[in-house]
Amino acid sequence: MADIKLTAENIAEAIANGNKSVMEKIIDEIGPITEELKKQYERIEDLAKTQNKLATAKAEIDQNKFKSFGEQLSEVALSSVKGELTPKLKAIHNLDDAHLGSFLIQDEFANDLSKGMFETGILTNKVKTIETSKNMLNINSLKEASRVSGSRLGGLISYWEAEQAEATVTNASFKRQTLTLDKLMGSFKATEEMLEDAPFLESYIKSLFMEEFGFQLDLAILKGTGSGAPLGILNSDCLLTQTKDAAISVDELFEMENKVLKRTGAEWFVNRSVLPGLRALKVNINFYAFTGQGLHGLPTDQLLGKVLTEVEQLPVNSATANSILLANMDEYTIFKKAGGVKTASSIHVNFLQEINTFRFSLRVTGRPNYDEVITLADGTTQVSPFVTTV
């Protein structure tokens, strides 16, 4: 068949005159297009079926979701009484009744609780936070205790090309740490009347545990022993101290400033007991060291131009107490388990009093980013992210 170029005109003419050659050409070219259209239509049908299945699955998931944290707590208590998981709790766990006793909190509620705990804390808002899916993790980081050339950044060597002949190549020194997430736990007793009022139960428990866990995390960041709890700043080997008189002086505050690793961004944290003394300190005859919140439009209290925050977990002022801390809080890292808070419930502890006991737990640990104080490039001056008084 001769090559025929199809146009609107000759197609119309072929249809009108019954031109067999042109009609065959039309069929030859339209055939594959028709097949492709058929395949595309089938794909659209398959996509529509998939979307319908997803919509049905989402509806089933939504149907098995709790509308509020209080509703889930009430159903947890009900499961403890009945001795079996309810359908909604089974949907969250994807477990059978053999796992009754410990309950996962619905994702959005767990994340909300965890976020609230870190927001209610004073120091938890300022430290670095890293999420992990494991209860144990290995961390590699540069080992740096000195800024002297040859030791800086773990011993990394850099030099100008003209000095290359004098340079000694070394390997950067790394430290490997194995961290185990500690478990912060708390319990709460709910009466039958509380369990019947889901909105009250939710707001009451959320506010209590967010505040209490936030307080405990702040306490651990400062005073944690590092054994079964995070390693606190005041117990770490990288803490640098400033000797003070019975009442701290402005010169001693300036010395603390000189010892902090990063002066820009450093903040003061104090126990309330030292505030009267700090308010009376003068830099000179005209200027006080302390500037109160609201004065000159300042959003926070300040000491020597740096933010000052009251923290009740610091020791009360005394001749030997660490009641004043100047810190680069971004040099402390909290590691927390992804998924937030878990809960368990039992009626057996207070069965006769018709009280249900809830237990909440959070996997978390933390430590300063440095293991020891840092010697600057002059080989003498020592600095640290954390400086306190003794």
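Given the structure is predicted, the values throughout are model-derived calculations rather than measurements.

Conventions we followed
- Residues numbered from 1 in each chain as written.
- Predicted model: local features only at pLDDT ≥ 70, side-chain atom pairs only at ≥ 80, totals over all residues.
- Heavy atoms only, no water.
- Helix = DSSP H or I, 4+ residues; strand = E, 2+ residues; numbered from the N terminus.
- Buried < 20%, exposed > 50% of the residue type's maximum accessible area, 1.4 Å probe, protein only.
- Contact = heavy atoms within 4.5 Å.
- Areas by Shrake-Rupley, 256 points an atom, 1.4 Å probe, with all protein chains shown as cover.
- pLDDT = per-residue confidence, 0-100.
- Pairing = 2+ DSSP bridges.
- Axes fitted to C-alpha atoms, helices over the stretch in contact; angles between N-to-C directions.
- Polar contact = N/O pair within 3.5 Å; in protein donor to acceptor, adjacent residues only side chain to side chain.
- Lys, Arg positive; Asp, Glu negative; His and termini not counted.
- Salt bridge = Lys/Arg side-chain N within 4 Å of Asp/Glu carboxyl O.
- Core = buried A, V, L, I, M, F, W, Y, C linked by side-chain atoms within 4.5 Å.
- Parallel < 35°, antiparallel > 145°, perpendicular 65-115°, else oblique.
- Left-handed = near helix turned anticlockwise from the far one by under 90°.
- Nonpolar A, V, L, I, M, F, W, Y, C, P; charged D, E, K, R; others polar.
- Patch = residues over 30% accessible without salt bridge, like charges linked within 9 Å, V, L, I, M, F, W, Y side chains within 5 Å.
- Charge placed at Lys NZ, Arg CZ, Asp CG, Glu CD.

Any chance you could explain the overall build of the protein here in plain terms?
Helix and strand counts for the protein come out as 9 helices and 17 strands. A burial count over the protein gives 41% of its 390 residues as buried. Pairs at least 24 apart in sequence give 70% of the contacts found in the protein among residues at least 6 apart. About 22500 Å² of surface is accessible on the protein, with carbon and sulfur atoms providing 52% of the total.

What am I meant to see in the confidence of the model for the protein here?
Detailed reading of the predicted coordinates is not advisable wherever pLDDT is low. Confidence in the prediction of the protein, expressed as mean pLDDT, is 79, and 74% of residues score 70 or more. In this model, residues 95-100 is a region of pLDDT below 50 whose contacts with residues beyond four sequence positions or in other chains number 10 contacts. Long-range and interchain partners of residues 348-352, a stretch whose pLDDT sits below 50, account for 4 contacts in this model, where long-range means more than four residues apart.

Which parts of the structure should I look at to understand the sheet that holds strand β17 (residues 386-389)?
Backbone hydrogen bonds hold the strands of a sheet together, and the pairing may be parallel or antiparallel. What the 7 strands build is an open sheet, ordered β6-β17-β11-β7-β10-β9-β8; its pairing is mixed. Two strands close off the open sheet at either side, each with one partner strand: β6 (240-242) and β8 (290-291). In this sheet, strand β11 (residues 324-327) lies alongside strand β7 (residues 267-270) in antiparallel orientation, the contact comprising 4 bridges. What sits directly across from tryptophan 268, in β11, is leucine 326. Docked against the sheet, helix α8 (residues 250-259) engages β6, β7, β9 (302-303), β10 (306-310), β11 and β17, running at close to 165 degrees with respect to β6.

I'm lost on the side chain of arginine 367 in this one. Help?
Its location among the elements puts arginine 367 in strand β14 (residues 355-368). For arginine 367, the side chain forms a polar contact with the side chain of aspartate 371, separated by 3.3 Å. Leaving out residues up to four positions away in the same chain, arginine 367 has contacts with Gln177, Leu179, Leu231, Tyr332 and Thr333.

Quick question: what am I supposed to make of the side chain of aspartate 218 here?
Within the fold, aspartate 218 resides in helix α7 (residues 198-223). The side chain of aspartate 218 sits in the buried core without any salt bridge; lysine 126 is the nearest counter-charge, 9.9 Å away.

Whenever I open this one, the nonpolar core confuses me. Can you help?
Grouped burial of nonpolar side chains is what soluble globular proteins tend to show. Counting residues in hydrophobic clusters, the biggest one holds 47 residues, and the most contacted among them are Ile205, Met329, Phe358, Phe360 and Phe386. At the level of secondary structure, the elements contributing two or more residues to this core comprise α3 (69-82), α5 (107-120), β5 (182-191), α6 (192-195), α7, β11, β12 (332-337) and β14. Element by element, the count of residues in this core is highest for α7, at 8 residues. Once you skip the residues sitting within four places of it in the chain, isoleucine 205 turns out to touch Phe69, Leu73, Phe188, Phe358 and Phe360.

Even after reading the chapter, I still don't get the pattern of salt bridges, so can you show me in this structure?
Oppositely charged side chains may form a pair once their charged atoms are brought near each other. Evaluated as defined, the whole model comprises 7 salt bridges. The salt bridge partner of lysine 262 is glutamate 331, with a shortest N-O separation of 2.9 Å. Remark: glutamate 331 occurs in the loop between β11 and β12 and lysine 262 occurs in the loop between α8 and β7; sequence separation between them is 69 residues. Of the residues examined, glutamate 331 reaches a relative accessible area of 12% and is grouped as buried. In this structure, aspartate 371 and arginine 367 form a salt bridge, with 3.3 Å as the shortest nitrogen-oxygen distance.

Where do I start with the pairing of β7 in this structure?
Each regular strand carries side chains that alternate between the two faces of the sheet. On β7, burial covers both faces: Glu267 and Phe269 on one face and Trp268 and Val270 on the other are all buried. The pairing of β7 with β10 spans 3 bridges and is parallel. The residue bridging tryptophan 268 from the neighbouring strand is leucine 308, located in β10.

Honestly, the packing of α5 against α7 in this entry has me stumped. Any pointers?
The packing of two helices is summarised by the inter-axis angle and the distance between the axes. At a minimum axis separation of 7 Å, α5 and α7 run at an interaxial angle of 50 degrees. Comparing the axis directions of α5 and α7 gives the class oblique. At the point where α5 passes α7, the crossing takes the right-handed sense. Here α5 contributes Asp112, Leu113, Gly116, Met117, Phe118 and Thr120 to the contact with α7, which in turn contributes Lys206, Phe209, Met210, Glu211, Phe213, Gly214 and Leu217. The class makeup of the residues in the contact of α5 with α7 is 7 nonpolar, 3 polar and 3 charged.

What exactly am I supposed to notice about a negative patch on the surface here?
A cluster of like negative charges, contributed by Glu35, Glu42, Glu45 and Asp46, occupies part of the molecular surface. Within the element layout of this structure, glutamate 45 appears in helix α2 (residues 20-63).

Just to check I follow, could you spell out a nonpolar patch on the surface for this structure?
Among the surface-exposed residues, Phe200, Tyr204 and Leu208 lie close enough to one another that they form a single nonpolar patch of about 240 Å² accessible area. With respect to the element layout, tyrosine 204 can be found in helix α7.

In this structure, what is going on with the environment of leucine 261? I would like to understand it.
Take leucine 261: it is sitting in the loop between α8 and β7. Judged by relative accessible area, leucine 261 falls into the partly exposed class, the value being 24%. Sequence separation of leucine 261 and serine 384 is 123 residues, and the distance between their C-alpha atoms is 4.7 Å.

Can you walk me through the pairing of β12 in this structure?
Within β12, 6 of the 6 residues are buried, which leaves it mostly tucked inside the rest of the structure. Burial along β12 is two-sided: the face carrying Tyr332, Ile334 and Lys336 and the face carrying Thr333, Phe335 and Lys337 are both buried. By the bridge criterion, 5 bridges tie strand β2 (residues 128-132) to β12 in an arrangement that is parallel. Counterpart to threonine 129 in the pairing with β12 is isoleucine 334.

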